[in-house]
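The chain contents come next:
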Amino acid sequence: MNIQIETGWEKVLSPEFSKPYFTELVNFVKTEYRQHTCYPKGKDIFAAFDNCPFDKLKVVIIGQDPYHGPGQANGLCFSVHNGIPHPPSLVNIFKELQTDINKPYPESGDLSHWAKQGVLLINATLTVRAHQAGSHQRKGWEPFTDAVIKTISEQKEGVVFLLWGGFAKSKIKLIDADKHLVLTSGHPSPLSANRGFWFGNKHFSKTNNYFSQKGEKPIEW
């Protein structure tokens with residue numbers, strides 16, 4: 001089975017593509033896209049990987065599910081296409097950027113410029129049926145994305161993992177914290193952020209300080 005994905009990722013993830021669960025997952029996704037409106041577009045399902053080559057990877061941000069409204073999901077967690085109103089979590093991410101590193105609030109919600117600098121913006125579930133949050137959970141995506149996180153932990157060094165909210169924090173067991181920097185906080189959703197668990201985490205400046213100390217180029221958030 002031929003999966004179209006960036007060549008570096010294809011090399012390290014190829015063992016997963018031949019496993020029975022992944023074959024079942026592909027069949028499920030193909031059927032869903034054929035019978036229902038699903039997001040993101042088929043060509044964008046692996047956009048997180050295609051925009052962030054494995055050899056350039058520096059940061060991992062883990063979301064849970066793609067946006068399920070029309071025109072929102074673009075294959076990068078928390079990101080939306082140009083011209084699409086910013087969802088509440090993204091608004092709070094940008095507000096934290098403003099206070100943390102004095103960055104003006106961005107017009108565009110497209111985070112592909114982060115990805116191209118080495119930020120993997122990955123959802124645990126890469127597809128969703130329109131207007132049905134969580135509809136593609138427990139169909140095989142989670143074992144795949146868990147394998148992605150584990151592969152990064154094992155084959156890379158000095159990656160910054162930003163784990164926002166309880167779901168993302170549950171992935172900490174897959175990460176070797178002795179060779180990577182793991183930063184945790186509440187989720188940027190209004191429910192969490194308004195209770196004081198998001199704002200002020202300073203994850204963007206902490207990430208760049210970590211790279212600066214190692215003599216590496218910081219991320220232009």
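See the structure above.
Here's a quick rundown of the structure. All values derive from a computational prediction rather than experimental measurement. (Residues numbered from 1 in each chain as written. Predicted model: local features only at pLDDT ≥ 70, side-chain atom pairs only at ≥ 80, totals over all residues. Heavy atoms only, no water.)

Our focus in this paragraph is the state of the cysteines. Enumeration over the complete set of coordinates arrives at zero disulfides. Here Cys38 stays free of any disulfide, with the sulfur of Cys77 as its closest cysteine sulfur at 19 Å. We note that Cys77 lacks a disulfide partner, and the nearest cysteine sulfur, in Cys52, lies 11 Å from it. Classification of Cys77 as buried rests on a relative accessible area of 0%. (Disulfide = S-S within 2.5 Å. Buried < 20%, exposed > 50% of the residue type's maximum accessible area, 1.4 Å probe, protein only.)

Okay, the packing of helix α2 (residues 20–35) against helix α6 (residues 141–155) next. α6 packs onto α2 with a crossing angle of 125° between their chain directions and a minimal axis gap of 9 Å. By the angle between their axes, α2 is oblique relative to α6. As α2 runs across α6, the sense of the crossing is left-handed. Only Trp141, Pro143 and Phe144 of α6 make contact with α2, whose side of the interface consists of Tyr21, Phe22, Leu25 and Val29. For the contact of α2 with α6, the class distribution of residues is seven nonpolar, no polar and no charged. (Axes fitted to C-alpha atoms, helices over the stretch in contact; angles between N-to-C directions. Helix = DSSP H or I, 4+ residues; strand = E, 2+ residues; numbered from the N terminus. Parallel < 35°, antiparallel > 145°, perpendicular 65-115°, else oblique. Left-handed = near helix turned anticlockwise from the far one by under 90°. Contact = heavy atoms within 4.5 Å. Nonpolar A, V, L, I, M, F, W, Y, C, P; charged D, E, K, R; others polar.)

With that out of the way, let us pick up the pattern of salt bridges. What the rule picks out here adds up to five salt bridges. Lys19 is paired through a salt bridge with Glu16; the nearest N and O atoms lie 2.8 Å apart. According to the relative accessible area criterion, Lys19 is partly exposed, its value standing at 36%. With a relative accessible area of 11%, Glu16 lands in the buried category. Notably, a salt bridge pairs Glu32 with Arg129, separated by 2.9 Å at the nearest N-O pair. Of the two residues, Glu32 is situated in helix α2 and Arg129 in strand β4 (residues 128–129); the sequence distance between them amounts to 97 residues. For Glu32, a relative accessible area of 7% gives the class buried. (Salt bridge = Lys/Arg side-chain N within 4 Å of Asp/Glu carboxyl O.)

Before going further, it helps to spend a moment on the packing of aromatic side chains. Within this structure, the stated rule accounts for 19 aromatic pairs. Taking the centre distance of 5.1 Å and the plane angle of 55° together, the rings of Phe17 and Phe22 count as tilted. The class for Phe17 is buried, based on a relative accessible area of 8%. An aromatic cluster is defined as three or more aromatic residues linked by ring pairs; in this entry it consists of Trp9, Phe17, Tyr21, Phe22, Phe46, Phe49, Phe54, Trp141 and Phe144. Looking at Lys58, its charged tip hangs above the ring of Phe211, at a distance of 4.5 Å from the centre. (Phe/Tyr/Trp six-rings, centres within 6.5 Å; stacked < 30°, edge-to-face > 60°. Lys NZ or Arg CZ within 6 Å of the ring centre and 35° of its normal.)

All right, on to the sheet that holds strand β5 (residues 160–164) then. Ordered in space as β3-β2-β5-β6, the four strands form an open sheet in which the pairing is parallel. Two strands bound the open sheet, and with one partner strand each, they are β3 (119–123) and β6 (181–185). Across the sheet, the axes of successive neighbouring strands diverge by a mean angle of 20°, strand direction being ignored. The strands touched by α6 are β2 (59–63), β3 and β5; relative to β3, the strand with the most contacts, the crossing angle is about 155°. (Pairing = 2+ DSSP bridges.)

Let's shift gears to the environment of Ala193. With respect to the secondary-structure elements, Ala193 resides in helix α8 (residues 190–193). With 101 residues separating them along the chain, Ala193 and Asn92 place their C-alpha atoms 7.5 Å apart.

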